[in-house]
Amino acid sequence: MEKFQELFSAYQNGTLPSDHGYIVSVFYHNNSTYTRYEVISFNNVKDIYITDEGLVFQAEGKKLYVMVEPAGWPNSHIEPAYRTDAERIPYRKRDLLDYTTRRQDHVYIGKEPVVTYTSFTVLKSIGQDISYVFYDHGDIRETILEFFRLSLWKQARVPQGDARKVTEEINQVFSRIVVSPDF
């Protein structure tokens, strides 16, 4: 079986996990390398259904956000929680780890996950945006971290050495969203 699959295809194929699952969504900015990542761990799925907005999971979830902001970004002075929908993550700068690359890009990583107790929605993919569901074959953490390293380097254009270091930072925070029986 695959290690990960496009989320909406997995839904249509009936291959979404009902317990102990992980979803990674990537949102690209149209004209720059500004990129937002949303990592969701979920458990105790009661129902999954599709709406006009996206895929709704009636489940417990923990979300971790990562954002790549290119050097000289015109809205860098605005708190990430107050930016436009295309640029927003639900954190203030004091709640983020800030990694500055050698090109002076900023990679922000949420220090703590955002917890949802009843339901969450994964937005439909528009344009280049995409969501993946990751399957646990015993190496889920390594698979997701390798996905991050490659995506940061190849899509978000973070220099390769910096992408490795950022992935190490994400690994430190990842333990806060790991799915366990007691969630």
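From a predicted model like this one, the values you see are computed outputs, not experimental measurements. Here the residue numbers are simple positions, counted from 1 along each chain's written sequence. Confidence filtering applies because this is a predicted model: local features only for residues at pLDDT of at least 70, side-chain atom pairs given and counted only at 80 or more, and all residues used for totals across whole chains, interfaces and linings. Excluded from the side-chain calculation are hydrogens and water; included are all heavy atoms of the structure.

## A few points about the overall build of the protein chain
Then step 1. Only DSSP runs of H or I reaching four residues or more are called helices, and only runs of E reaching two or more are called strands; each is numbered from the N terminus. From N to C terminus, the protein chain includes three helices and nine strands.
Then step 2. Taken over C-alpha atoms, the radius of gyration is set against a globule rule of 2.2 Å times the number of residues to the power 0.38. Here the protein chain has a C-alpha radius of gyration of 16 Å; the compact-globule value for 183 residues is 16 Å, and the two agree.
Then step 3. Principal-axis analysis of the C-alpha atoms gives the protein chain an extent of 45 × 35 × 30 Å.
Then step 4. By residue count, 48% of the 183 residues in the protein chain fall in the buried class.
Then step 5. Any two residues whose heavy atoms approach within 4.5 Å at even a single point are treated as in contact. Counting contacts in the protein chain only where the partners sit at least 6 residues apart, residues at least 24 apart contribute 66% of the total.
Then step 6. Note on areas: Shrake-Rupley with a 1.4 Å probe; residue coverage comes only from the protein chains shown. Accessible area of the protein chain: about 9,200 Å², with a carbon and sulfur share of 47%.
Then step 7. For the charge count, each Lys or Arg is scored as positive and each Asp or Glu as negative, with His and the chain ends excluded. Where a charge sits is defined by one atom per residue type, namely NZ (Lys), CZ (Arg), CG (Asp) or CD (Glu). Treating the 21 positive side-chain charges of the protein chain as one cloud and the 25 negative ones as another, the clouds have centres 6 Å apart. For each residue, the accessible area found with a 1.4 Å probe, counting protein chains only, is set against the maximum for its type, and the residue is called buried under 20%, exposed over 50%, and partly exposed in between.

## Topic: the packing of helix α2 (residues 140–154) against helix α3 (residues 160–174)
Then step 1. Packing of α2 against α3 brings their axes to within 9 Å, and their N-to-C directions diverge by 145 degrees. Note on packing geometry: the crossing formed by α2 with α3 is right-handed. Across the interface between the two elements, R141, I144, L145, F148, R149, L152 and W153 of α2 pack against Q160, A163, R164, V166, T167, I170, N171 and F174 of α3.
Then step 2. Residues are grouped as follows: Ala, Val, Leu, Ile, Met, Phe, Trp, Tyr, Cys and Pro are nonpolar; Asp, Glu, Lys and Arg are charged; all remaining types, including Gly, are polar. By residue class, the composition of the contact of α2 with α3 is nine nonpolar, three polar and three charged. Comment: axis = line fitted to C-alpha atoms, over the contacting stretch for helices; angle = value between 0 and 180 degrees taken between N-to-C directions. We call a crossing left-handed when the near helix sits turned anticlockwise from the far one by less than a right angle, and right-handed when that turn is clockwise.

## Remarks on the packing of aromatic side chains
Then step 1. Note on ring pairs: Phe, Tyr and Trp rings are taken, using the six-membered ring of Trp, and paired if centres are within 6.5 Å. Classes follow the plane angle, with under 30 degrees stacked, over 60 edge-to-face and the rest tilted. Scanning the model with the defined rule gives 13 aromatic pairs in all.
Then step 2. Judged by centre distance (5.2 Å) and plane angle (85 degrees), the ring pair of F4 and Y132 falls under edge-to-face. Remark: Y132 occurs in strand β9 (residues 130–134) and F4 occurs in strand β1 (residues 4–6); sequence separation between them is 128 residues.
Then step 3. Judged by its relative accessible area of 18%, Y132 falls in the buried class.
Then step 4. By way of ring pairs, the aromatic residues F4, Y37, Y132, F134, F147 and F148 are connected into one cluster.

## Some points on the environment of H137
Then step 1. In this fold, H137 is placed in the loop between β9 and α2.
Then step 2. For H137 and K3, which are 134 residues apart along the polypeptide, the C-alpha to C-alpha distance reads 7.2 Å.

## Thoughts on the pattern of salt bridges
Pairing between side chains of opposite charge can happen when the charged atoms of each approach one another.
Then step 1. The term salt bridge refers to a side-chain nitrogen of Lys or Arg lying within 4 Å of a carboxyl oxygen of Asp or Glu. Evaluation of the coordinates by the stated rule reveals eight salt bridges.
Then step 2. Where D162 meets R102, a salt bridge forms, and the shortest distance between an N and an O atom there is 4.0 Å. Of this pair, D162 sits in helix α3 while R102 sits in the loop between β5 (96–100) and β6 (106–110), and the two are 60 residues apart along the sequence.
Then step 3. Judged by its relative accessible area of 7%, D162 is buried.

## Comments concerning the confidence of the model for the protein chain
Detailed reading of predicted coordinates is not advised where the pLDDT is low.
Then step 1. Counting all residues, the mean pLDDT for the protein chain is 92, and 97% of those residues have values of 70 or more.
Then step 2. Per-element confidence in the protein chain is highest for β6, whose mean pLDDT is 97, and lowest for strand β7 (residues 114–116), whose mean pLDDT is 91. What pLDDT conveys is the predictor's confidence in a given residue, as a value from 0 to 100.

## Observations concerning the side chain of S151
Then step 1. For S151, the position within the fold is in helix α2.
Then step 2. Judged by its relative accessible area of 3%, S151 falls in the buried class.
Then step 3. Once you skip the residues sitting within four places of it in the chain, S151 turns out to touch Y28, Y37 and A156.

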